[in-house]
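Per-entry structural report
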Amino acid sequence: MREWQIKRRERTRKLIELGGLVVKAGLVELADDDRAMLYGAFLWMADKLRSDDGAQASALWIRKGKRAFDMAAIAETGSKIRDI
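Numbers given for residues are sequential positions, taken from 1 along each chain in its written order. Residue-level local features of this predicted model are given only where pLDDT is at least 70; pairs of side-chain atoms are given and counted only at 80 or more, and the full residue set underlies all totals for whole chains, interfaces and linings. Calculated side-chain values reflect all of the structure's heavy atoms, with hydrogen atoms and water omitted.

Concerning the overall build of the chain
- Segments assigned H or I by DSSP are reported as helices when at least four residues long, segments assigned E as strands when at least two residues long, and all are numbered from the N terminus. A count of helices and strands for the chain gives 4 helices and 0 strands.
- Along the chain direction, N to C, the helices and strands of the chain fall in the order α-α-α-α.
- Both definitions apply: the radius of gyration is a C-alpha atom measure, and the globule rule equals 2.2 Å times residues to the power 0.38. Over its C-alpha atoms the chain spans a radius of gyration of 16 Å, topping by over 25% the 12 Å that the globule rule assigns to 84 residues.
- Taken along the three principal axes of its C-alpha coordinates, the chain extends 40 × 35 × 30 Å.
- Here the chain holds 84 residues, and 7% of them are scored as buried.
- Computed by Shrake-Rupley with a 1.4 Å probe, the accessible areas treat only the displayed protein chains as cover when residues are assessed. A total accessible area of about 7,900 Å² is found for the chain, and carbon and sulfur atoms account for 58% of it.
- Residues counted as positive are Lys and Arg, residues counted as negative are Asp and Glu, and His and the chain ends are not counted. For charged residues, the charge sits on one atom: NZ in Lys, CZ in Arg, CG in Asp, CD in Glu. In the chain, the 17 positive side-chain charges and the 13 negative ones have mean positions that sit 6 Å from each other. Only protein chains enter the accessibility calculation, which uses a 1.4 Å probe; a residue whose area is less than 20% of its type maximum is buried, one above 50% is exposed, and one in between is partly exposed.

Laid out in structure tokens, this is it:
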């Protein structure tokens, strides 16, 4: 397989995974599949990350996301995640 094909597949996989996060967060249903609304929300988020409060917002969103991933894993496996 050529290098450009490998890079294209990697990019495609990344985009699919990111789209999966949009679905997992319930944003598609909450926005009634309004792509302008979703894009506007992403632009707002990017502006927030570029602002003076960006580091604080990033830390908050990371904690919240990790907690949600952990809760989903617990629900999926029925077991508790341990901190290492």
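Regarding the pattern of salt bridges
- Take a side-chain nitrogen of Lys or Arg and a carboxyl oxygen of Asp or Glu: if they are within 4 Å of each other, that pair is a salt bridge. The final tally for this structure, using the stated rule, is 5 salt bridges.
- Here Glu3 makes a salt bridge to Lys7, at a shortest N to O gap of 3.8 Å. Within this pair, Glu3 and its partner Lys7 are both found in helix α1 (residues 3-24), separated by 4 residues, close to a single helical turn. Like Glu3, the residue Lys7 is exposed in the burial classification.
- We note a salt bridge from Arg13 to Glu17, for which the minimum N-O separation is 3.2 Å. Linking Arg13 with Glu17, this pair stays in helix α1, spanning 4 residues, or about one helical turn.
- In this structure Arg13 comes out as exposed when scored by relative accessible area, which is 57%.
- On the accessibility criterion, Glu17 (43% relative accessible area) is partly exposed.

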